[in-house]
Amino acid sequence: MARLGGQQSPSPTDPRENRLRDVVGECKSCRMSADGVFDDHIARTYDEDSAEMFAPEVLGPTVHFLAELADGRRALEFAIGTGRVALPLSARGVDVAGIELSRAMAAEMMAKPGAAGIPVTIGDMATTRAEGTFGLVYLVYNTITNLLTQDEQVACFCNAAAHLDVGGHFVIEVFVPALRRLPPGESLIAFDVSNGHVGVDEYDITNQRLTSHHYWTANGRADTLDSPHRYAWPAEYDLMARIVGLTLRERWSDWQRTPFTADSTSHVSVWEKTSA
Ligand SMILES: C[S@@+](CC[C@H](N)C(=O)[O-])C[C@H]1O[C@@H](n2cnc3c(N)ncnc32)[C@H](O)[C@@H]1O
């Protein structure tokens, strides 16, 4: 699973803001965030560059898992992006809302059929509140790692818990750091070498960070992106959950509920809010 993202510092308001306000509604957070790494250019090519994540064999089990967990209750996607998961989940009858930092990504989603019924609040998922409460908050495709400090990641768990009803669930899908594949003295691991894309992770072990270097050559287009991430072991996420009053209920290797083992390269983890 490729990783994309990481935040940049805020930039001044640009002329797109009015148009995007029209598209996604007035920003409900206290501060207007910049688009981060997911600017207009990345947003336009996101679906094509992440095509394997849109494949029915990937999306089908994801949506099925989340719809079952929502169990008739409202769902909130942190970092909703171009609606890869939210749109099919909504089409299954789940009442979905989203929070998204990048206006460019949200605008891409809003241009798609079925998006009108999905309210999106522009802002940082670590601090921004969406209206109402939810039975399910989910954060997929490694996006917890786009928050680059432990404090921000804890704040994100805290924000998830604040949106949940008692009995509600917080779900994340994220990679397991591939440190076992790193020989002593090495820092680079290729995570994808396929037709049209090469992805190499550069680990900074001291700071628990990595940079994903992407090189795309598909459809006569050459493109690169360096996206920064903060990685963590599942146990650290469990501690973040405990700090905010969430209890681990399930951990799987994938959305098909394949058991999580020492060889798992990613995990889908589910925590429950057990008390107010
Ligand atoms: C890899 S994409 C995932 C998008 C979507 N969830 C999906 O599965 O296709 C990461 C998304 O996270 C958003 N993002 C990154 N940092 C964020 C933050 N702090 N708050 C809200 N959204 C954020 C990006 O703008 C981008 O849309």
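Here is what the cut-offs are and how they apply
Residues numbered from 1 in each chain as written. Predicted model: local features only at pLDDT ≥ 70, side-chain atom pairs only at ≥ 80, totals over all residues. Helix = DSSP H or I, 4+ residues; strand = E, 2+ residues; numbered from the N terminus. Buried ≥ 20, exposed ≤ 12 C-beta atoms within 10 Å, placed from the backbone. Contact = placed C-beta atoms within 7 Å. Pairing = 2+ DSSP bridges. Near = placed C-beta within 6 Å. Nonpolar A, V, L, I, M, F, W, Y, C, P; charged D, E, K, R; others polar. Axes fitted to C-alpha atoms, helices over the stretch in contact; angles between N-to-C directions. Core = buried A, V, L, I, M, F, W, Y, C linked by C-beta atoms within 7 Å. Parallel < 35°, antiparallel > 145°, perpendicular 65-115°, else oblique. Left-handed = near helix turned anticlockwise from the far one by under 90°. pLDDT = per-residue confidence, 0-100. Expected span 1.5 Å × (residues − 1). Arc of directions from axis to C-beta.

Chemist: What am I meant to see in the overall build of the protein here?
Modeler: From N to C terminus, the protein includes seven helices and 11 strands. In the protein, which comprises 276 residues, the proportion classed as buried is 40%. Residue pairs at least 24 apart in sequence account for 65% of intrachain contacts in the protein once pairs closer than 6 positions are excluded.

Chemist: Just checking my understanding: could you explain the pairing of strand β11 (residues 266–273) for this structure?
Modeler: Each regular strand shows side chains that alternate between the opposite faces of the sheet. Relative to β11, strand β5 (residues 164–175) runs antiparallel, the two sharing seven bridges. Note on β11: the bridge partner recorded for Ile-172 is Ser-269. Taken together, the six bridges between strand β10 (residues 246–252) and β11 define a ladder with antiparallel strand orientation. Pairing of Glu-250 across the sheet is with Val-270, part of β11.

Chemist: How do you make sense of the site of the ligand when you look at a structure like this?
Modeler: Neighbouring the ligand are 23 residues; Ala-79, Gly-81, Arg-84, Leu-101 and Ser-102 lie closest to it. Looking at side-chain class alone, the shell around the ligand contains 13 nonpolar, seven polar and three charged residues.

Chemist: In this structure, what is going on with the sheet that holds strand β7 (residues 197–204)? I would like to understand it.
Modeler: Hydrogen bonds along the backbone pair up the strands of a sheet, which may run parallel or antiparallel. The antiparallel open sheet is built from four strands, whose spatial order is β6-β7-β8-β9. Two strands lie at the open edges of the sheet, namely β6 (188–194) and β9 (223–230), each paired on one side alone. Each strand axis lies, on average, 15° off the axis of its neighbour in the sheet, ignoring direction. Judged from the six bridges that link them, β6 and β7 form a sheet pairing that is antiparallel. Across the sheet, the residue bridging to Leu-188 is Glu-202, located in β7.

Chemist: Any chance you could explain the nonpolar core here in plain terms?
Modeler: Leu-66, Ala-75, Phe-78, Leu-136, Val-137 and Val-171 are the most contacted members of the largest nonpolar core, which has 59 residues in total. Ranked by residue count, the leading element in this core is β5, at six residues.

Chemist: Can you help me understand the environment of Glu-100 in this one?
Modeler: Tracing the backbone through its elements, the reader meets Glu-100 in strand β2 (residues 96–100). According to the C-beta neighbour criterion, Glu-100 is buried, with 29 such atoms within 10 Å. Setting aside its immediate chain neighbours within four residues, Glu-100 contacts Ala-79, Ile-80, Gly-81, Met-105, Ala-106, Val-120 and Ile-122.

Chemist: Sorry, what's going on with the packing of helix α6 (residues 150–163) against helix α7 (residues 234–243) here?
Modeler: Relative orientation and spacing of two packed helices are given, respectively, by the angle between their axes and the distance between those axes. Where α6 meets α7, the axes come as close as 9 Å, and the angle between the chain directions of the two elements is 50°. As summarised for this structure, α6 and α7 are arranged oblique, according to the angle between their axes. Handedness of the α6/α7 crossing: right-handed. Of the residues in α7, those in contact with Gln-153, Val-154 and Phe-157 of α6 are Met-240, Ala-241 and Ile-243. Class assignment for the residues of the contact of α6 with α7 results in five nonpolar, one polar and no charged.

Chemist: Teacher, can you tell me more about the sheet that holds strand β3 (residues 120–122) here?
Modeler: Ordered in space as β3-β2-β1-β4-β5-β11-β10, the seven strands form an open sheet in which the pairing is mixed. Edge positions in the sheet fall to β3 and β10, since each has one partner strand and no second. The sheet shows a mean angle of 20° between the axes of neighbouring strands, taken without regard to direction.

Chemist: How do you make sense of the confidence of the model for the protein when you look at a structure like this?
Modeler: Considering every residue of the protein, the mean pLDDT works out to 89; 88% of them sit at 70 or more. Least confident of the elements in the protein is helix α1 (residues 16–24), whose mean pLDDT is 29; most confident is strand β1 (residues 75–78), at 99. Here residues 6–33 scores under 50 on pLDDT; set against residues more than four positions off or in separate chains, the count is 47 contacts.

Chemist: I'm lost on helix α3 (residues 56–70) in this one. Help?
Modeler: Given 3.6 residues to a turn, an α-helix orients residues that are three or four positions apart in the same direction. Compared with the 21 Å implied by 1.5 Å per residue over 15 residues, the 20 Å span of α3 between its first and last C-alpha is a close match. Inspection of α3 places Thr-62, Val-63, Phe-65, Leu-66, Leu-69 and Ala-70 among the buried residues, and these make up the whole buried set. Viewed end-on, α3 has its buried residues packed into an arc of 160°, placing them on one side of the element. Facing away from the buried side of α3 by over 90 degrees, the exposed positions are Pro-56, Glu-57 and Glu-68. Tucked inside the fold, the buried residues of α3 contact β1, α4 (86–91), β4 (134–139), β5 and β11. Just beyond α3, the residue with positive phi is Asp-71, at close to 50°.

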